[in-house]
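# Coordinates in review
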Amino acid sequence: MGEHETEKIIEVCSNCFSPRISPYMGYETGKRFICQDCKHISVVTIEFPSIEALVSFLKDKRDSEN
Ligand SMILES: [Zn+2]
């Protein structure tokens, strides 16, 4: 759980890829996250090594959808 100043992992919603996720308290299932944008609750997040990697991924995703 240590933080690195030079390598900041970006965690995003596994449903809409928004970085606006918050910890969500479950009862007995452990750690979960809720997305502030789509309200999706998930156990896993998708991690990117940097904000640039996320932006690049979203661009590719958008291109492939159009
Ligand atoms: Zn989301």
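Before going into details, it helps to say that this report is about the structure given with it. (Residues numbered from 1 in each chain as written. Predicted model: local features only at pLDDT ≥ 70, side-chain atom pairs only at ≥ 80, totals over all residues.)

Before going further, it helps to examine the overall build of the protein. When its secondary structure is counted, the protein shows one helix and five strands. Secondary structure elements of the protein, listed N to C terminal, follow the sequence β-β-β-β-β-α. Split into buried and exposed, the 66 residues of the protein put 8% on the buried side. (Helix = DSSP H or I, 4+ residues; strand = E, 2+ residues; numbered from the N terminus. Buried ≥ 20, exposed ≤ 12 C-beta atoms within 10 Å, placed from the backbone.)

A general tendency of soluble globular proteins is for nonpolar side chains to be buried together. Formed by Val12, Cys13, Ile21, Cys35 and Phe48, the largest nonpolar core amounts to five residues. Residues within four places of Cys35 in sequence aside, it is in contact with Cys13, Asn15, Cys16, Ser18, Arg20, Ile21 and His40. (Core = buried A, V, L, I, M, F, W, Y, C linked by C-beta atoms within 7 Å. Contact = placed C-beta atoms within 7 Å.)

Residues apart from glycine generally show negative phi values, whereas peptide bonds are mostly found in trans. At Phe17, a residue that is not glycine, the phi angle is positive and equals roughly 65°. Tracing the backbone shows Phe17 in the loop between strand E1 (10–12) and strand E2 (21–25). Not every positive phi belongs to a glycine, and Lys39 is a case in point at roughly 65°. Counting through the fold element by element, Lys39 comes out in the loop between strand E3 (31–35) and strand E4 (41–42). Under the C-beta neighbour-count criterion, Lys39 is labelled exposed, with 10 such atoms within 10 Å.

Here three strands make up an open sheet; going across it, the order is E2-E3-E4 and the pairing antiparallel. Each edge of the sheet is formed by a strand with only one pairing partner; in this case those strands are E2 and E4. Strand direction decides the pairing type here: E2 and E3, joined by five bridges, are antiparallel. Opposite Ile21, over in E3, you have Cys35 as the bridge partner. (Pairing = 2+ DSSP bridges.)

We now examine the pairing of E3. Direction of pairing for E3 relative to E4: antiparallel, over a ladder of two bridges. From the neighbouring strand, Ile34 faces E4, where its bridge partner is Ile41. The hairpin turn running from E3 into E4, its antiparallel successor, is five residues long, and Lys39 in that turn takes a positive phi close to 65°.

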